[in-house]
Amino acid sequence: MQEQIDKLRHDLLEQVSQSGDLKGLDGVRVAALGKKGAVTALMKQLGQVDADQRRELGAELNRLKDSIAEAIETRRDDLERSELDRRLAEERIDVTLPVRPELHGTVHPVSQVTNEIMAIFCELGFEVAEGPDIEDDWYNFGALNIPPEHPARQDHDTFYLSAQDRADRPVLRTHTSPVQIRNMLASKPPIRIIAPGRTYRSDSDMTHTPMFHQVEGLVVDEKTHMGHLKGCLRDFVEAFFQVDDVPMRYRPSYFPFTSPSMEVDIGCSFEGGQLKIGGGHGWLEILGSGMVHPRVLKNGGIDPDKYQGFAFGMGIDRVAMLKYGIPDLRAFFDADLRWLRHYGFAALDMPTLYGGLAR
Ligand code: PHE
């Protein structure tokens, strides 16, 4: 029997090392160690062997079994590894290949400018917040100190989604300011957020579309004051338009949700029909702003005796037109491929303050 064992070991190890795939290897395993396998058959013969030899042969057979099982394991690892190597080589993609320009789209100027605005404010420590396009009357107006009979409602050309006059009637938000309320109610000062998104007013001409984009800014803390508002907006304007020392003008204005309220203009020139931001004698209005009205803080669940804040709202489409010299707002939403190719931005360039904001 010893001879049989030695021969079997030699044959089986040979078969193991020669099996070229996992299926073949499993065949070898079954033929050796399975119920009807060669090693199992030898085990069964042990019963007929003399008692004094049986113990030694039994131990020998167990060693055979172990060594075959171990050889199969090792072989399986090798086969699995080379199978993985083969797949990795076969499924390799060269990610450094250039994108084929005819196959990819461009980033819309609104998305581009939104990304630029987020990059700048996030660098200043702001977080990005969002709110729904369909708002309750209360968030869009009431909580912002614009009660139902308030004349300021007339400025908004609101799309009402229900004829009924009540605080929870749905409207398409006319500005991003309702996000101020939602954010104040959901968090605690210090608050430092911007909220970009779609807004709606029933209005349409060269510079107005029924759907447009705004970005809201809100900062609330114990000692927030107008100097913070001015410094923050200056940092933004200079980073966004990439000019130093832009003249900025704060004109007294009125919004029910801020007091005092200011509209902000930036200096510009129109030489030879070309608009240039910074310097010159012209002024361009770019946003509305002010110190958050105490009643608005209260509606946001914030104690106006302890906290104060500033807020601003800016038209994204408008600053996109100014920065990139795009004349007609309506074309933004025409989905005209020629326009998109002309004014669109490279799809894989994310704007950052370090890498650059513009193309
Ligand atoms: N919500 C105002 C608008 O749409 C802009 C604004 C926001 C003004 C925040 C002041 C403070 O015109």
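The rules behind the values
Residues numbered from 1 in each chain as written. Predicted model: local features only at pLDDT ≥ 70, side-chain atom pairs only at ≥ 80, totals over all residues. Heavy atoms only, no water. Helix = DSSP H or I, 4+ residues; strand = E, 2+ residues; numbered from the N terminus. Buried < 20%, exposed > 50% of the residue type's maximum accessible area, 1.4 Å probe, protein only. Polar contact = N/O pair within 3.5 Å; in protein donor to acceptor, adjacent residues only side chain to side chain. Domains from an automatic or database assignment. Expected span 1.5 Å × (residues − 1). Contact = heavy atoms within 4.5 Å. Axes fitted to C-alpha atoms, helices over the stretch in contact; angles between N-to-C directions. Parallel < 35°, antiparallel > 145°, perpendicular 65-115°, else oblique. Nonpolar A, V, L, I, M, F, W, Y, C, P; charged D, E, K, R; others polar. Core = buried A, V, L, I, M, F, W, Y, C linked by side-chain atoms within 4.5 Å. Near = heavy atom within 4 Å. Areas by Shrake-Rupley, 256 points an atom, 1.4 Å probe, with all protein chains shown as cover.

Thoughts on the side chain of glutamate 135
In step 1: Along the polypeptide, glutamate 135 turns up in strand β2 (residues 134-136).
In step 2: Looking at glutamate 135, the relative accessible area reads 0%, which means it is buried.
In step 3: A distance of 2.7 Å separates the side chain of glutamate 135 from the side chain of arginine 182, its partner in a polar contact.

A look at the domain arrangement of the chain
In step 1: Domain annotation for the chain reports domain 1 (2-90) and domain 2 (110-343).
In step 2: A C-alpha centroid distance of 76 Å is found between domain 1 and domain 2.

Notes on helix α5 (residues 109-123)
Count 3.6 residues to each turn of an α-helix, and residues three or four apart come out pointing the same way.
In step 1: Here α5 contains 15 residues, and its C-alpha end-to-end distance of 21 Å stays within 8% of the 21 Å for a straight helix at 1.5 Å per residue.
In step 2: Those residues of α5 hidden inside the fold are in contact with β4 (191-200), β5 (211-221), α8 (226-241), β10 (308-315), α10 (316-324) and α11 (337-343).
In step 3: At the exit of α5 stands glycine 125, carrying a positive phi of roughly 95°.

Quick notes on the packing of helix α1 (residues 2-18) against helix α4 (residues 51-90)
In step 1: Two numbers describe how α1 lies on α4: the axes approach to 10 Å, and their chain directions differ by 5°. One finds that α1 runs roughly parallel with respect to α4. Contact residues: α1 offers Gln2, Ile5, Asp6, Leu8, Arg9, Leu12, Leu13, Val16 and Ser17, while α4 offers Leu57, Glu60, Leu61, Arg63, Leu64, Ser67, Ile68, Ala71, Ile72 and Arg75.
In step 2: Here the residues of the contact of α1 with α4 sort into 11 nonpolar, 3 polar and 5 charged.

Some remarks on the nonpolar core
One recurring pattern in soluble globular proteins: nonpolar side chains tend to sit buried together.
In step 1: Judged by nonpolar contacts, the single largest core of 48 residues is most densely connected at Ile117 and Ile266.
In step 2: Those elements giving two or more residues to this core turn out to be α5, β5, α8, β7 (258-271), β9 (282-292), β10, α10 and α11.
In step 3: A total of 8 residues in this core trace back to one element, the largest contributor, which is α8.
In step 4: Setting aside its immediate chain neighbours within four residues, isoleucine 266 contacts Val237, Phe241, Val246, Pro247, Met248, Ile277, Gly282, Trp283, Leu284 and Ile286.
In step 5: With 22 residues, the next largest nonpolar core counts Tyr139, Ile181, Ile191 and Ile302 among its residues.

A short note on the site of the ligand
In step 1: The environment of the ligand is made up of 14 residues, and the closest members are His175, Ser177, Arg201, Gln214 and Gly313.
In step 2: The separation between an oxygen atom of the ligand and a polar side-chain atom of arginine 201 is 3.0 Å.
In step 3: Notes on the ligand: free accessible area 320 Å², of which the protein chains cover 91%.
In step 4: Listing elements by their share of the shell around the ligand, those giving two or more residues are β5, β9 and β10.
In step 5: Among the elements that take part in the shell around the ligand, β10 stands out by supplying 3 residues, more than any other.
In step 6: Per-class residue counts for the shell around the ligand are 4 nonpolar, 8 polar and 2 charged.

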